[in-house]
Structure formats: C-alpha cells, structure tokens
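Overview (structure and organization)
Chain by chain, the residues:
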Amino acid sequence: MLPSNLLITRTRSGKIKPVYVPIEGRYIELATRLIETYEAHLHKRKGELAGRCQQFEGSGFDYRLVRGLVALLDRSATFKPHSFVDPKQARREVFQEANRYPLVGTEALRQEVIAQVASRLHLSSSQLEASLWSDFEEELVLESFVAPLPRDLIQQYNLSLTQTLLFKAASFEFIVGSNYQRIFSRLKRLGLMYTVEQQNAAYNVVVDGPISLFKLTERYGTSLAKLLPTVVEADNWHFKAQIVGGERQAPKLLELELSAKTARDLLPVQRPQKTEEQYDSSVEAAFARS
C-alpha cells in the first residue's frame, strides 16, 4: 500500500478508479531513471538521494506518482546509520559534557566539548561529529538496493494504488475461476470475514470491508489489501468494491470495479509453484495428492 495522501483516483457517476500508470514510453523512462538514481546513490545519504528524486517531480509527472514510486523503491532498499558509536550515546555524552559549562556560545567552546567527549569515547572529533545525528532519517546511508525491473516497479505501483483504495472499502466482492486453494487459505490466515457461493465453475466471494465493521481497524484494512495479490493470480477474476469516499461530514459510497480483461497487464502476477508449503497441514496436502 501507499500513504493515503499519494492516492490518485478518478471519480465519475458514482464510480471510482485508481489512475493506473501505463507500461510504456515516458513512464518506463521515469521508472528506469529512478532505479538508476538509487543505484548511483549506494553508500550515500538518504537526504541526498531524496533530493535527487524530488527533481523528477517537476518533469511533467504528478508529484504523487513520483513519490509513490520512490516509496516502493525504499522498500527494496536498506538504510542504516553510518556511525562510529551509538548516536544516542554520543548525543547523551555531548549534552552532559556541555552542561558542565555555563554557556557553550562559541565555536571554540563547542570544539572543546566535542574533543573532550571524543577522547573519552576513543574517537577522533570528526568521527564523533559524523556519529551525532547519523540515526536521523536524512542522515541514514543507503547500504544495499535490490533493483526491480522498470515494468515490475510500475505494476507494483498500480497494485499498491488499488490496495490503498481497498483500505476504505465497505465490502469487497470477487469472482474467480481458479487459484481457489491459495485464495481460501489466504482468507483464513488473514482473519477476514467472508461468505462464499459457488456459481457453476466459479466461486463468488463477498468479504466484509474494514468500514463495514462497528469500528474501523487499521489491521483489518491492511489484511484486506494483502488479499488482492492472491486474487489477481487467478487466470480469470472480476471484483467489485464499495469504497467510502466524499467528505468526512458527508461520506458516500463509490463503486470500484476491475477485471482481468481490463487490468491484467497493469498488475503484477506471480503464480507460485505448487508445493506442500501452500497447504495448512500435512493432512490437506495428502488429501490433495490423493
């Protein structure tokens, strides 16, 4: 999912749709350049990386799109503080040392405090300076990055848009013609409330959304969003969801409707190999084999 302030949708005649990014032309180029930017900033500060990525917001793209892609790339990255001592300990030691002086009002006194603490911690003054704020977000260092393919990044972005929208669902109804075992296993493990009805060779499943509960719970909304990737793994799928939109003082229900025919190429599909690990128990696995 993405932060709600990065959600891009279109609403018309009581229907709502996420604004998907086409996998073509300048969008592929944008994804490619963002990925290359992360690769070029390996072992550099996160603040420097963020500043470079922010420049793409003024290149004809919605800033929410750029920030959404960056949010997904952050999940493929590992950021860690680059310090010679625990930053919290460093700050505590410096503040305690500074407290011994009536006022540290000059650069000379500041350097004296730093030198005293650095000596006590067996560090150089520059090492202590580098460690003081190294755990702040902008000072974190990009330690590793697993680069996705540009196409995969865009598909993951489109999926995340839909998941974010489902976080405000009053209900989620889908019909699938395959992948039953993984879908029902996922429903159970996520603790979702649902009803199911067989329709010829397919199943119609209605899942209660987080808004339909007596009290909206973030955990339940997250679980519903996590179900979506398993649904779109099916060969054929179609779903409708009632999304709560409008102002808080005057909420209204909007309909979200998507199908494999209209959105398959825009969403990621990773069908896993069938293994016994997909079953909830050895009894189920044995039953399936027989």
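What comes next is a walk through the structure. (Residues numbered from 1 in each chain as written. Predicted model: local features only at pLDDT ≥ 70, side-chain atom pairs only at ≥ 80, totals over all residues. Heavy atoms only, no water.)

**A closer look at the overall build of the protein chain**
Counting its regular elements, the protein chain contains eleven helices and nine strands. For the protein chain, the share of sequence-separated contacts (at least 6 apart) that also reach a separation of at least 24 residues comes to 71%. (Helix = DSSP H or I, 4+ residues; strand = E, 2+ residues; numbered from the N terminus. Contact = heavy atoms within 4.5 Å.)

**Section: the side chain of N204**
Looking at where N204 falls in the secondary structure, it is placed in strand β7 (residues 202-208). In this structure the side chain of N204 is engaged in a polar contact, spanning 3.2 Å, whose partner is the side chain of E173. Leave out the neighbours within four places in its chain, and N204 touches E173, F174, I175, T195, V196, E197 and Q199. (Polar contact = N/O pair within 3.5 Å; in protein donor to acceptor, adjacent residues only side chain to side chain.)

**Examining the packing of aromatic side chains**
Aromatic ring pairs are reported here in terms of the distance separating the ring centres and the angle at which the planes meet. Evaluated as defined, the whole model comprises nine aromatic pairs. Among the aromatic residues, those joined into a ring-pair cluster are F172, F174, W237 and F239. Over the face of the ring belonging to Y27 we find R26, whose NZ or CZ atom lies 4.9 Å from the ring centre. Positioned above the aromatic ring of F79 is the side chain of K46, whose terminal nitrogen or guanidinium carbon lies 4.7 Å from the ring centre. (Phe/Tyr/Trp six-rings, centres within 6.5 Å; stacked < 30°, edge-to-face > 60°. Lys NZ or Arg CZ within 6 Å of the ring centre and 35° of its normal.)

**Here's the deal with the packing of helix α4 (residues 87-98) against helix α5 (residues 107-120)**
Across the interface, α4 lies against α5 with an axial gap of 9 Å and an inter-helix angle of 130°. Our classification of the angle between α4 and α5 gives oblique. Crossing of α4 against α5: the hand is right-handed. Between α4 and α5, the contacting residues are E93, V94, E97 and A98 on the first element and V113, I114, Q116, V117 and R120 on the second. (Axes fitted to C-alpha atoms, helices over the stretch in contact; angles between N-to-C directions. Parallel < 35°, antiparallel > 145°, perpendicular 65-115°, else oblique. Left-handed = near helix turned anticlockwise from the far one by under 90°.)

**Points about the packing of helix α1 (residues 25-40) against helix α2 (residues 46-54)**
Between two packed helices, what matters for the description is the angle formed by their axes and the separation of those axes. Between α1 and α2, the least distance of the axes is 10 Å, while the angle of their chain directions is 160°. It follows that α1 is roughly antiparallel to α2 by the angle criterion. With respect to the hand of their crossing, α1 and α2 are arranged in right-handed fashion. Contacts from R33, L34, T37 and Y38 in α1 reach L49, R52 and C53 in α2. When grouped by side-chain class, the residues that make up the contact of α1 with α2 number four nonpolar, one polar and two charged. (Nonpolar A, V, L, I, M, F, W, Y, C, P; charged D, E, K, R; others polar.)

**Here we look at the environment of L69**
Tracing the backbone through its elements, the reader meets L69 in helix α3 (residues 63-75). With relative accessibility at 3%, the residue L69 sits in the buried group. Placed 35 residues apart in sequence, L69 and L34 show a C-alpha to C-alpha distance of 8.1 Å. Once you skip the residues sitting within four places of it in the chain, L69 turns out to touch L30, L34, L153 and Y157. (Buried < 20%, exposed > 50% of the residue type's maximum accessible area, 1.4 Å probe, protein only.)

**Side note on a nonpolar patch on the surface**
A cluster of nonpolar side chains, contributed by F95, W133 and F136, occupies part of the molecular surface with about 340 Å² of accessible area. Relative to the helices and strands, W133 resides in the loop between α6 (125-132) and β4 (141-145). (Patch = residues over 30% accessible without salt bridge, like charges linked within 9 Å, V, L, I, M, F, W, Y side chains within 5 Å. Areas by Shrake-Rupley, 256 points an atom, 1.4 Å probe, with all protein chains shown as cover. Salt bridge = Lys/Arg side-chain N within 4 Å of Asp/Glu carboxyl O.)

**Quick notes on the environment of N99**
Counting through the fold element by element, N99 comes out in the loop between α4 and α5. The exposure class of N99 is exposed, given its relative accessible area of 66%. For the pair formed by N99 and V113, sequence separation is 14 residues and the distance between their alpha carbons is 9.7 Å.

**Side note on helix α8 (residues 180-190)**
Along α8, the residues that are buried comprise I183, S185, L187 and L190. Downstream of α8 by a residue or two, G191 has a phi angle that is positive, lying close to 70°.

**Side note on the nonpolar core**
In this structure, Y38, F172, F174, V207 and W237 are the most contacted members of the largest nonpolar core, which totals 62 residues. Residues in contact with F172, not counting those within four places in the same chain, are L166, V205, V206, V207, L224, L227, L228, F239, K240 and A241. In terms of nonpolar packing, the next biggest core, distinct from the first, is built from twelve residues, V94, Y101, L128 and L132 among them. (Core = buried A, V, L, I, M, F, W, Y, C linked by side-chain atoms within 4.5 Å.)

**Looking at the pattern of salt bridges**
Scanning all chains against the criterion turns up 13 salt bridges. In this structure, R91 engages D135 in a salt bridge whose closest nitrogen and oxygen atoms are separated by 2.9 Å. Taken as a pair, R91 in helix α4 and D135 in the loop between α6 and β4 lie far apart in primary sequence, 44 residues in all. Relative accessible area serves as the criterion here: at 13%, R91 is assigned to the buried category. A salt bridge links R120 to E97; its shortest N-O distance comes to 3.3 Å.

**Describing unusual backbone geometry**
The residue S13 is not glycine, and still its phi comes out positive at about 50°. Inspection of the secondary structure assignment puts S13 in the loop between β1 (9-12) and β2 (15-18). The class for S13 is exposed, based on a relative accessible area of 70%. Unusually for a residue other than glycine, N179 sits at a positive phi of about 65°. Looking at the element boundaries, N179 is found in the loop between β5 (169-176) and α8.

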